[in-house]
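Fold and geometry: a report
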Amino acid sequence: MIKDEEELVRTKVKRQAMADYLTPSVQNIKPSGIRRFFDLVNTRKDVITLGVGEPDFITPWHVREAAVYSLERGKTQYTSNAGLPALREAIGQYLNDQFQTPYNPANEILVTVGGSEAIDLALRALIVPGDEILIPEPCYISYSPITALGGGVPVGIETFAKDKFKLTAESLQAVITPRSKVLILCYPSNPTGGIMTYEDWLPIAKVVEDNDLIVISDEIYAELTYGTKHCSFSAMPGMRDRTILVSGFSKAFAMTGWRLGYACGHPDLIAAMLKIHQYTVMCAPAMAQYAGVEALTRGLEEKDRMVDAYNQRRRLVVKGFRDIGLECHEPEGAFYAFPSVKATGLTSERFAERLLEEGGVAAVPGDVFGLGGEGHLRCSYATSVSNLAEALDRIGGFVHKLKQG
Amino acid sequence: MNELQLKVLELLKEDARRDADLIATLLGAPAEEVKQAIAELEHNHIIVKYATIVNWSKVDDEKVTALIEVQITPERGRGFEGIAERIYLYPEVKSVYLMSGAYDLLVEVEGKNLKEVASFVSNKLSPIDAVLSTKTNFILKKYKQDGIIFEEHEGDDRLMISP
């Protein structure tokens, strides 16, 4: 055998297990805690679930109908890579009207396959292996894994219930090193329901500027605020060119399954993200984009109706948890309550498991959302008032039983 | 009517069984104010009745409903009011609307069977002096009533847990 063949045989022996072919970055990713809990829930019947991170409303009919109409007219081809011009126009108009964040549809807006793709594109465009990506936690479960997949190093920043889970300039400053490059923000927050106001953002913007960071601001829940109008990080003085604003249609317009999102930012950043986008997915689905135009141009009233309904349920859930004796900060955005179960002496995982087994209610243990999540439970109130009332009844019964030992 | 009353009405329209405490929690308003709002709405006959929407087609009860278009000659001084009253006082009449367009009154009549409705039209409605003509349309199937869709075609198909 010649030397090269020997080498090949050795390699083949080494790679006997399929896992040997995988990159370390994929191998090192742990299965999502949500997925694990999902499998557990699936073994049960008669469960009321507060575990769902999506609206319980169906996409308004006029939006669905717009997609059907686009199919009837045979609009089934690729759209331009950056997205239908009409949709980019509508996004630009909408962002300017709603959040005073003007973007040029020609070169500052990119339509993506959900907000998730937009975040992935931004990270892939920015990360040089070893770069540190700063992530306030508890947070949406994807940020750390996609950072790691891109070769970055996720750095969590713990936030606390006593601060309403707001990010503070001090805690941000404390984790910054010369390798820090990107800050990922998600306010209103999944899972805590925390929001940031103009005054909260000001000191953060200063730290971002002083340390030359780029910000990916995931504002998917921007429409879902209660009492306070959402303040976009991109609207802060000097932050527009440092920020990639990411949003989408899933939460505000009840369009999770359509996979339609967008990213807005400096033309050079958007151009870089567009390169990756066009070589990986080409463009977002055409019919979803036609639906998106309809949602943004004629769907705001329906959206307001849904926000009103979430607000009513939010009051019911917060009062419910407090009546039960579980501490619950008042969520001011998104559709999650994040009560503390520390008073019961159980970890969030154990509490969630026993609540499922003994109470028939599914809620997601807070520890899966990272630092600061332990001791909490994420409860989505995107479900009917009668479901919520029944769930609160069951949780009350379960906690009462726990207290009696 | 104030804003609170309007919101209370909307919540009761969705589900008439909601009590004042629950409504107060949902609206973030004091329970006493909600109780008073409901009392006023009832007193002023804005809330006329708490009713149940029934899908009778699922009940083993052979009812028929007709929508009857009625043309009438209005009365001097009272217009359509007197005739409308003569008609709506019959217990088999479920609703009466004054309409614009090709006819004047739309009368909803419910009966045990087709014959009973026909008999009402020929013996009671048509003989009224002011009634010029009637056109009876039977309802074959109800798809949606008062904003409620009868067929449950949009269930909750979401995953039990999702991000």
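See the structure printed just above.
These remarks concern the structure in this document. Note that the structure is a prediction, hence the values are computed from the model and not measured. (Residues numbered from 1 in each chain as written. Chains lettered and ligands numbered in written order. Predicted model: local features only at pLDDT ≥ 70, side-chain atom pairs only at ≥ 80, totals over all residues. Heavy atoms only, no water.)

This paragraph deals with the pairing of strand β7 (residues 243–248) of chain A. Residues and elements named next belong to chain A. By the criterion of burial, β7 is predominantly enclosed, with six of the six residues buried. With four bridges joining them, strand β6 (residues 214–218) and β7 adopt parallel strand pairing. Across the sheet, V215 pairs through a bridge with T243, a residue of β7. Two elements, β7 and strand β8 (residues 261–264), share four bridges in a ladder whose sense is antiparallel. Residue pairing in the sheet places G248 in a bridge with G261 of β8. (Buried < 20%, exposed > 50% of the residue type's maximum accessible area, 1.4 Å probe, protein only. Helix = DSSP H or I, 4+ residues; strand = E, 2+ residues; numbered from the N terminus. Pairing = 2+ DSSP bridges.)

All names here are of chain B. Judged by pairing direction, the sheet is antiparallel, and its four strands sit side by side in the order β2-β3-β1-β4 without closing on themselves. Two strands lie at the open edges of the sheet, namely β2 (93–98) and β4 (131–138), each paired on one side alone. Ignoring strand direction, the axes of neighbouring strands in this sheet form an average angle of 20°. In terms of strand pairing, strand β1 (residues 64–72) meets β4 through seven bridges, oriented antiparallel. Looking at the pairing, I72 lines up with V131 of β4. (Axes fitted to C-alpha atoms, helices over the stretch in contact; angles between N-to-C directions.)

Before going further, it helps to spend a moment on the interface of chain B and chain A. Residue-level contacts link 15 residues of chain B with 31 residues of chain A. For the pair chain B and chain A, the two sides together bury roughly 1900 Å², of which 61% comes from carbon and sulfur. By the criterion of area lost to chain A, the three top residues of chain B are R158, M160 and I161 of chain B, representing 39% of everything that side buries. Viewed at the interface, chain A and chain B are joined by zero salt bridges. Across the contact surface, chain B and chain A share eleven residue pairs in polar contact (both at pLDDT 80 or more). Grouping the constituent residues of the side of chain B that touches chain A by class yields eight nonpolar, four polar and three charged. (Contact = heavy atoms within 4.5 Å. Buried area = accessible area lost by both parts, 1.4 Å probe. Salt bridge = Lys/Arg side-chain N within 4 Å of Asp/Glu carboxyl O. Polar contact = N/O pair within 3.5 Å; in protein donor to acceptor, adjacent residues only side chain to side chain. Nonpolar A, V, L, I, M, F, W, Y, C, P; charged D, E, K, R; others polar.)

What follows is about the packing of helix α4 (residues 61–72) of chain A against helix α11 (residues 286–298) of chain A. Residue and element names in this part refer to chain A. At a minimum axis distance of 8 Å, the contact between α4 and α11 shows a crossing angle of 140°. The pairing of α4 with α11 is recorded here as oblique in orientation. Considering only the axes of α4 and α11, their crossing is right-handed. Of α11, the residues touching α4 (which contributes H62, V63, A66, A67, S70 and L71) are M287, Y290, A291, E294, A295 and R298. (Parallel < 35°, antiparallel > 145°, perpendicular 65-115°, else oblique. Left-handed = near helix turned anticlockwise from the far one by under 90°.)

Side-chain pairs of opposite charge can arise whenever the charged atoms involved come near each other. A complete count under the given rule lists 33 salt bridges over all chains for this structure. Two residues, D46 of chain A and R394 of chain A, come together in a salt bridge whose shortest N-O distance is 3.7 Å. Placement of D46 of chain A in the loop between α3 (33–41) and β1 (48–49) and of R394 of chain A in helix α14 (residues 385–403) is noted, with a sequence separation of 348 residues between them. Accessibility expressed as a relative area gives 63% for D46 of chain A, which makes it exposed. Relative accessible area serves as the criterion here: at 19%, R394 of chain A is assigned to the buried category. E85 of chain B is paired through a salt bridge with R78 of chain B; the nearest N and O atoms lie 3.8 Å apart. E85 of chain B sits in the partly exposed class, given a relative accessible area of 33%.

Interpretation in functional terms is not warranted from these geometric data alone.
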